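Here is how the chains run, residue by residue.
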Amino acid sequence: MIKEIREPLIFEISEAGKRASELPPLDVPTKKDLLTGAPLRREIGDFPEVSETEITRHFTRLSQKNYCVDMGLYPLGSCTMKYNPKVNERLAAHPAFAGSHPLAPADLIQGNLEVLKKLESFLCEIAGMDAFTLQPAAGAHGELTGMMLIRAALEARGNARKYVLIPDSAHGTNPSSAHICGYTVKEIKSNEKGTIDLASLAQEMTEEVAALMVTNPNTIGVFESDICRIAEMVHAKGGFVYMDGANMNALTGIVRPGDMGIDVMHINLHKTFSTPHGGGGPGSGPVGVKKELMPFLPVPVIVEKAGRYTLDFNRPGSIGRVRAYFGNFSVIVRALCYILTLGPKGVREIAEFAVLNANYIRRSLEGEYYLKYTSASMHECVFSDKFQKEFGVTNLDIAKRLIDYGMHPPTMSFPLIVHGALMIEPTETESRRDLDMFIDAMKAIAKEAKENPEILHAAPHVTYVSRLDEVAAAKFPVLRWEKKS
Amino acid sequence: MSYLSLSDKDKAEMLARVGAASVGDLFCCIPEAVRFKGLLDLPAAQSELELIRTMDAVGGKNAYGGHLSFLGGGAYDHFIPTVVDYLSSRGEFVSPYTPYQPEVSQGTLQLIFEFQTLICQLTGLDVANDSLYDGSTGAAEAVLMAHRVTSRSKVLLARSLHPQYREVVRTYIKNLGVESVEVGFGPDGRIDKAELTRSLDDQTAAVVTQSPNFFGVVEDLQALSEAAHGVKALSVAVVAEAMSLALLEAPGKLGADIVTGEAQSFGIPVSFGGPYLGFMACKKEFLRQMPGRITGQTVDKDGRRGFVLTLSTREQHIRRERATSNICSNQALCALRATIFMETLGKQGLREMAWQNAQKAAYAADKLAAIPGVKRKFTGPVFNEFAVELPKPWPAVDAALRAKGIVGGYGLGAEFAGIGNAALVCVTELRTKDEIDRLARTLQEVLS
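Computed from a prediction, not measured in an experiment: that's the story for all the values here.

Conventions adopted
Residues numbered from 1 in each chain as written. Chains lettered and ligands numbered in written order. Predicted model: local features only at pLDDT ≥ 70, side-chain atom pairs only at ≥ 80, totals over all residues. Helix = DSSP H or I, 4+ residues; strand = E, 2+ residues; numbered from the N terminus. Rg over C-alpha atoms; globule rule 2.2 N^0.38 Å. Contact = placed C-beta atoms within 7 Å. Pairing = 2+ DSSP bridges. Axes fitted to C-alpha atoms, helices over the stretch in contact; angles between N-to-C directions. Core = buried A, V, L, I, M, F, W, Y, C linked by C-beta atoms within 7 Å. Buried ≥ 20, exposed ≤ 12 C-beta atoms within 10 Å, placed from the backbone. Nonpolar A, V, L, I, M, F, W, Y, C, P; charged D, E, K, R; others polar. Domains from an automatic or database assignment.

Trainee: Just to check I follow, could you spell out the overall build of chain A for this structure?
Mentor: The helix and strand inventory of chain A stands at 15 helices and 13 strands. Rg of the C-alpha trace for chain A: 25 Å, near the compact-globule value of 23 Å for 485 residues, within the 12% margin. At a minimum sequence separation of 6, the contacts of chain A that also span at least 24 residues come to 73%.

Next up, the structure:
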C-alpha cells in the first residue's frame, strides 16, 4: 500500500473521444430502421471515456489500496480467510468450463454435470449427509434454501409450524433467513460456557417449533458438545436441526454433521473449500440434507446412470428453483479442485491445523487480552477489549492499530454475546512466522494501550485514509458520482 | 498435497505451547461417540500436474465447445477485452474479504462506488446497490422490496419474464403470503395490455416485466409503468441482457421504480450459469428498502475523501430478522469485472457493441425468416435475440442442427405451452456474417 497515491474516480479523468477498446467493423449490411417502435437513448450520459493505459493504471493503483490474503494474515473470525490456490483459478477459467452455456443440451455438457455430481458426492462424504444441492449462491442463500426445505417437509406432514429457535450467539443471517422463510424467531440464551443452554432449549422446544438453527462450532469457536442430546430434543418434538456450516473448517475429516443428528446444513465453499472471497463474493452455499428431505430439493437434480448424466425436473415435492441455472459453477469447479488436491488426509489436516493455529494464538495471547469464555477453542478464539478499556482503548483502536503493524484486523464486535469482541481465526494455511508476527503485534498493542493509548486512538497511521466518518456517510448518503453542474 | 505452511518442528513446538500431546488432543471436546474414525472415502491427493490432467479430461467431456452456438436466454457470449481478465486476476482484488475495514479496502470500495454510478447511468435511476447474486434472485428481491414498500401482497409477473426467474420469484414468495399472477403476451411478443389492465387492482404491489423480454422483444415500459402507477403499484423492470441498456432508453426514464437484472454480459464468461452479477437500482425514495450492500462516499478524520459500506442498518448483521434481506455478500469480483469492462468499452464502445448486436440479430432474423416455412414468431422490436417459428418440431430440428455442429437456439415449447415449434435465437457481436449465413444455410437443409 502506497500511502501517497491518490486515485481519482474514473469519471474525473474521463475526456470526450477517448476509448480503450474497438470492435471489428460491422460485417453485415447496416439496417436503418433498427428497433422500430422501441425508444432508443441518445447516449449514456457521463459514461467514462479513457484509454487502455489509463484503465490499467487506474485498477492497478486501486488494487494497491487493498489488503488481501495474498499479502498476509487475514484473521477475520468466522470468515475463514485461507490461502486461495492459484491452479484452481486457472482451471475455473478453462475454456471448456468458462465457455459453456447453461442452456446447452445435457449431452453437450457432460463434463460440467460430472463436476457438479462429483462435488455433491464429496460433500456428502465430508458432511455425512445423503444429498447436496449446489444451487445456492452464498451461505445466506443456503440458509434460506435449507429453511425452505424444512418448511416443505413440515407442510408435507400437514403443519409448517411457527417458530425457529436460534442461539443468541448466531450470525445475523440465521434469523433473517428464517424470517424470509415465513417463520418467527425465538432466541435461545447461551450458558456460561457460551454454548446452548439445554434448560432454555427444553422450555422453548415445543411442537410449534419447526427447527433449531445451530452453528457448530459456534461463533465463539466452541464445539457444542451436547449436540447429540440437542438433536434428540428437537427430533423428539418433530422439529429439524439446521446447521450453519460457516465453521466447518474446524470439523473436516474429524466429525461429520450428519453423524451428530443434523438434518440440513449449508457449507460455504468460499470458506472451507478455499475459493476466493473476491472482496465480498461470489460465494457458494451448497445445502446438504438427510434422506427425509431429499424429495424437496431444488430442481433440477442431476442423475447419473452408467456414467451418463441427465437433469431431473420431474420432482413434484421440490421447493422449486432458488436461483437460475446451476449455482455459481466456476466457484464449484474451484472447490472440486481443492478437494482433489487435498485427498482424504489433506481434508482432515484442514481441521487439525486450523485448530492448532487458533489454539496457538489463544494460548499466546491469554493474559494479555480478556477471554470471556474459557471453553476449549476450535478454529477460532474470541478475545475482548475488557483489559484495554481500563486505559480508554476499545476493540476498534486495537483493530485499527493492527493495520499499522501490516496485518488485517480480526472480526470486531461479533458475536453479540461478547462485548468489545475481537474474533480471531487464523486458518490452517498460515505459517508460524505469520502467526508469531500477529501475536507479537497484539502484545505490542496491549503494551501501547497502557503506555501510549493516543497512538491507538489515532491509528491507522500508514494508510491513505484513516477513520472514515461512517456516521456522516449514512446521514448524508452520497452513493454515486455526479457531474458538477 | 496440501497448502499447509507448518514444518514438523513448528508443529511440535506449537503443540508444546498449547499443552497438547498430539493434534488429536485438540479435539477432546468432541464426544468420542460421534468422532469420525479413519479416513474419508475421497480420491487420493493429486499433484498440480495430475489435477490439470484430471480437469482437462473432465472438461473434454463437454462437447458444447466444438459447436457454433446461438444460445442466449439470460446468458450471453460477448467479447471480453484482455484487460478485464488481466486486471481482475490481481490477488489484491481476488483474495480480500468484504471491505469492513475501509482503511485497507479503498480499492474495492472505490471500484464499487464506480460500479454503482455506472449502473445508475445505465438504468436512469438515482441509486444502485453493490450487486446481488444474479438476475433471478434480483427479480425475487425486487418483488419482496415492492411488497415492503407498498404493504401489498399481489404481484403481476409477465409470462415473458425469464421462466427460471419466474420460478425463483415463486420459490421466494410462497412462504410469505404474497401471491403472483401471470400476465400473458400478445402476437407482438409484448405483455398483453388488456390482460394486464384486468389484473391490476388496489392490492397489486408491483408489475414485473422483463425488457427485452425472454423472447428478445422490447416492452413498452412507459405504458406499463403508467398502468402500474395508476393503481399505486411499483413498476419493476427486469433486464436480463444488460448490453441492451447501452442502446435502449434507460428504464428509469420510462417510469420504472426499480430496475434489476443480470449484468453477466459485462465481461463475465457464460461459465455454465455462474457466478453472475445481479444488479439493482431504484428511485431515491425507496433507498432504505433496498436489499444488499451499498457503498457511500465520506471523508476521513483529516478531511480526505474515502469510501465506506453504508446504510447498514438495513442489513441482517445489525437488524437480524427485521433486515430488508438476508443477503450478506455481494458479487464483488464479478462487479469488478463488469466495472473494468464498462470503463474499457466506455461511452462509445459500449454503445457500438450493443448496436452491432442489434444489427447482427436483425440480419439473422431476416435471413432465417427468408427460409421457406420459417417465420418470425413475434412482431415486436427485438434487441439481440428473437423467436422463430419452424415447420417441424424443435427437438428434431435441434438434433439435426447439432449433427452439423450447430446449437441453433433454445426451444420454447417446454416452458411456454401452446407456443408451437418455436425457438429462441441469439446473435451477439461475436457471431460473424459467415456464421450467421452458415446457420441459415444449414437450417434450410435440415428443414427441406
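Trainee: What should I look at first to understand the sheet that holds strand β11 (residues 381-384) of chain A in this one?
Mentor: Backbone-to-backbone hydrogen bonds pair the strands of a sheet. The strands run either parallel or antiparallel. Residues and elements named next belong to chain A. In spatial order, the strands read β10-β11-β13-β12; together these four strands make up an open sheet with antiparallel pairing. If you trace the sheet from one side to the other, it starts and ends with β10 (370-371) and β12 (411-412), each paired once. Here β10 runs beside β11; their pairing, made up of two bridges, is antiparallel. The partner of Y370 across the bridge, within β11, is S384.

Trainee: Is there a simple way to think about the sheet that holds strand β12 (residues 385-389) of chain B in this case?
Mentor: Residues and elements named next belong to chain B. Ordered by their spatial adjacency, four strands build an open sheet running β11-β12-β15-β14, and the pairing between neighbours is antiparallel. Every interior strand has two partners, whereas the edge strands, β11 (375-376) and β14 (410-411), have only one. In the sheet, β11 pairs with β12 via two bridges, with the strands oriented antiparallel. When the bridges of β12 are listed, K375 appears paired with E389. In the packing of helix α11 (residues 332-369) onto the sheet, contacts are made with β11, β12 and β15 (422-426), and the angle to β12 comes to roughly 5°.

Trainee: For this particular structure, what's the right way to read the nonpolar core?
Mentor: Considering soluble globular proteins, one finds that nonpolar side chains tend to be buried as a cluster. By size, the foremost hydrophobic cluster in this structure holds 303 residues, and its most contacted members are A:Y242, A:I332, B:V143, B:A146, B:A206, B:V208 and B:V236. At 21 residues, helix α10 (residues 329-365) of chain A tops the list of elements feeding residues into this core. Apart from the residues lying within four places of it in its own chain, the contact partners of A:Y242 are A:G146, A:M147, A:I150, A:A211, A:L212, A:M213, A:V264 and A:M265.

Trainee: I tried to follow the interface of chain A and chain B on my own but got confused; where do I start?
Mentor: The extent of an interface is frequently quoted as the accessible surface area lost upon association of the parts. Contact residues are listed per partner, giving 171 residues for chain A and 156 residues for chain B. The greatest single-element share of the side of chain A that touches chain B, amounting to 23 residues, is contributed by α10(A). Grouping the constituent residues of the side of chain A that touches chain B by class yields 91 nonpolar, 47 polar and 33 charged.

Trainee: Explain the domain arrangement of chain A to me, please; I cannot follow it from the model alone.
Mentor: Residues and elements named next belong to chain A. Domain parsing of chain A yields domain 1 (87-341) and domain 2 (346-471). If you average the C-alpha positions of domain 1 and of domain 2, the two centres end up 30 Å apart. Each side of the interface is counted separately: domain 1 has 20 residues, and domain 2 has 21 residues. By residue class, the composition of the side of domain 1 that touches domain 2 is nine nonpolar, nine polar and two charged.

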